[in-house]
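# Structure assessment
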Amino acid sequence: MRFMVIVKASKDTEAGVMPSTELLAAMGKFNEELVKAGVMEAGEGLHPTSKGARIRYGSGESVTRGPFALSTDLVAGFWLINTKSLDEAIAWMKRAPFAEGDEIEIRQVFSAEDFGEALTPELREQEERLRAEAAKK
């Protein structure tokens, strides 16, 4: 099962405060454990929302450039991990070197099977082809 681990933003991440050398070393060690166990597929930190934008779709489509007000929906980074269950994902992420008060969210990523008959053989082939092309880049 694939899961996205969402690292919530904080006042510091939104202010562009970079992690300390100690935190970078601890996170590197944790990421190395994930990779060696075959769990980690990707992981990245994100710039603050002051360097981003939001697009609202519909009539009167609009683009709003950051920064955005600090809220629980802002994301500072993510991992994409592959584990046998949500419980295993939780066990791994409980080991992540975060400080007291930091927060993450773990969400399962849809797989092709989750879409049932709506994902026709043609759409499935297109999805597989696009993933293969993207993996080459």
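The structure this text deals with has already been given above.
Each residue is numbered by its place in its chain's sequence as written, counting from 1. Whole-chain, interface and lining totals are the exception, using all residues; otherwise, since this is a predicted model, local features are given only for residues with pLDDT of at least 70 and side-chain atom pairs are given and counted only at 80 or more. Remark: hydrogens and water are excluded; side-chain values derive from all non-hydrogen atoms of the structure.

### Section: the overall build of the protein
Keep this limit in mind: A run of DSSP states H or I qualifies as a helix once it reaches four residues; a run of E qualifies as a strand once it reaches two. Both are numbered from the N-terminal end. Think of it in three bands: residues with accessible area under 20% of the maximum for their type are buried, residues over 50% are exposed, and the middle band is partly exposed, with areas taken using a 1.4 Å probe on protein chains only. Residues count as neighbours in contact if any of their non-hydrogen atoms are within 4.5 Å of one another. Each accessible area value is a Shrake-Rupley result obtained with a 1.4 Å probe; residue values ignore everything except the protein chains displayed when judging cover. In summary, the charge assignment counts Lys and Arg as positive and Asp and Glu as negative, without counting His or the chain termini. Throughout, a charge is located at the NZ atom of Lys, the CZ atom of Arg, the CG atom of Asp or the CD atom of Glu.
The helix and strand inventory of the protein stands at four helices and six strands. Starting at the N terminus and walking to the C terminus, you meet the elements of the protein as β-α-α-β-β-β-β-α-β-α. With respect to the principal axes defined by its C-alpha atoms, the protein has extents near 50 × 45 × 30 Å. Within the protein, buried positions represent 20% of all 137 residues. Within the protein, residue pairs in contact and separated by at least 24 positions form 74% of the contacts whose partners lie at least 6 positions apart. Summed over all atoms, the accessible surface of the protein reaches about 10200 Å², with 55% contributed by carbon and sulfur. Side-chain charges in the protein split into 18 positive and 23 negative, and the spacing between the mean points of these groups amounts to 3 Å.

### Let's talk about helix H2 (residues 21–36)
Here is the rule: In this scheme, a helix's expected span is set at 1.5 Å multiplied by one less than its residue total. It is the directions from the helix axis to the C-beta atoms that the arc portrays.
With 16 residues, H2 should cover 22 Å at 1.5 Å per step; its first-to-last C-alpha distance of 22 Å lies within 8% of that length. Taken together, the buried positions of H2 are Met-27, Phe-30 and Leu-34. Down the axis, H2 shows its buried residues gathered within 60° of arc, on one side only. Opposite the buried face of H2, at more than 90 degrees from it, the exposed residues are Thr-21, Glu-22, Leu-24, Lys-29, Val-35 and Lys-36. Where H2 is buried, its residues meet strand S2 (40–45), strand S5 (75–82) and helix H3 (86–93).

### What about the side chain of Thr-49?
Which entries qualify depends on this criterion: N or O atoms closer than or at 3.5 Å make up a polar contact, with two conditions inside protein: a donor-capable atom paired with an acceptor-capable one, and, for residues adjacent in sequence, both atoms drawn from side chains.
For Thr-49, the location among the structural elements is in the loop between S2 and strand S3 (53–56). From its side chain, Thr-49 meets the backbone nitrogen of Phe-68 in a polar contact 3.0 Å long. Apart from residues no more than four positions distant in its own chain, Thr-49 is found in contact with Glu-14, Gly-66, Pro-67, Phe-68 and Leu-74.

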